Amino acid sequence: MNQTHLTNNQITVLKALENQHLTSFQILQKVENISLILVLYNVMDELEDMGILKSYTKKKKKFHYTC
């Protein structure tokens, strides 16, 4: 993955997802960055569009992970 094209917020989300699948709420708890709360879903959509982030639903919860 070429991180030179990623924003700081994108890198923060990817680091939170290192080696584990998390829900959006768990990602927010892990990053502990209040400014990321407002843009988390936009950042996750950007990463998904880039093909870096994938999601799945299990027991009515949506989990996210890096590819």
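Note that the coordinates shown come from a computational prediction; the quantities given were computed from them, not determined experimentally.

Within the chain, the secondary structure is distributed over 4 helices and 2 strands. In the chain, the succession of helices and strands from N to C terminus is α-α-α-α-β-β. Radius of gyration (C-alpha) of the chain: 11 Å, near the 11 Å computed for a compact globule of 67 residues. Looking at the chain as a whole, 31% of its 67 residues are labelled buried. For the chain, the computed accessible surface area is about 4,800 Å², with 49% contributed by carbon and sulfur atoms. With 8 positive and 6 negative side-chain charges, the chain shows a spacing of 13 Å between the two charge centroids.

Next up on the list: a nonpolar patch on the surface. Together, Ile34, Ile37 and Leu38 line one region of the surface with nonpolar side chains, adding up to about 370 Å² of accessible area. The partly exposed category is assigned to Ile37, whose relative accessible area is 40%.

This part covers the packing of helix α2 (residues 24-31) against helix α4 (residues 40-49). Between α2 and α4, the shortest axis-to-axis distance is 11 Å and the interhelical angle comes to 110°. Taken together, the axis directions place α2 and α4 in an arrangement best described as roughly perpendicular. Along its contact with α2, which presents Ser24, Ile27 and Leu28, the element α4 presents Leu40, Tyr41 and Met44. Across the contact of α2 with α4, the residue classes break down as 5 nonpolar, 1 polar and no charged.

Another aspect to go through is the nonpolar core. With 16 residues, the main nonpolar core has Val13, Ile27 and Leu47 as its most contacted residues. Taken together, the elements giving at least two residues each to this core come down to α1 (8-16), α2 and α4. If we skip the residues at most four places from it in the chain, Val13 touches Leu36, Leu40, Val43, Met44 and Leu47.

Reading the values: rules and limits
- Residues numbered from 1 in each chain as written.
- Predicted model: local features only at pLDDT ≥ 70, side-chain atom pairs only at ≥ 80, totals over all residues.
- Heavy atoms only, no water.
- Helix = DSSP H or I, 4+ residues; strand = E, 2+ residues; numbered from the N terminus.
- Rg over C-alpha atoms; globule rule 2.2 N^0.38 Å.
- Buried < 20%, exposed > 50% of the residue type's maximum accessible area, 1.4 Å probe, protein only.
- Areas by Shrake-Rupley, 256 points an atom, 1.4 Å probe, with all protein chains shown as cover.
- Lys, Arg positive; Asp, Glu negative; His and termini not counted.
- Charge placed at Lys NZ, Arg CZ, Asp CG, Glu CD.
- Patch = residues over 30% accessible without salt bridge, like charges linked within 9 Å, V, L, I, M, F, W, Y side chains within 5 Å.
- Salt bridge = Lys/Arg side-chain N within 4 Å of Asp/Glu carboxyl O.
- Axes fitted to C-alpha atoms, helices over the stretch in contact; angles between N-to-C directions.
- Parallel < 35°, antiparallel > 145°, perpendicular 65-115°, else oblique.
- Contact = heavy atoms within 4.5 Å.
- Nonpolar A, V, L, I, M, F, W, Y, C, P; charged D, E, K, R; others polar.
- Core = buried A, V, L, I, M, F, W, Y, C linked by side-chain atoms within 4.5 Å.

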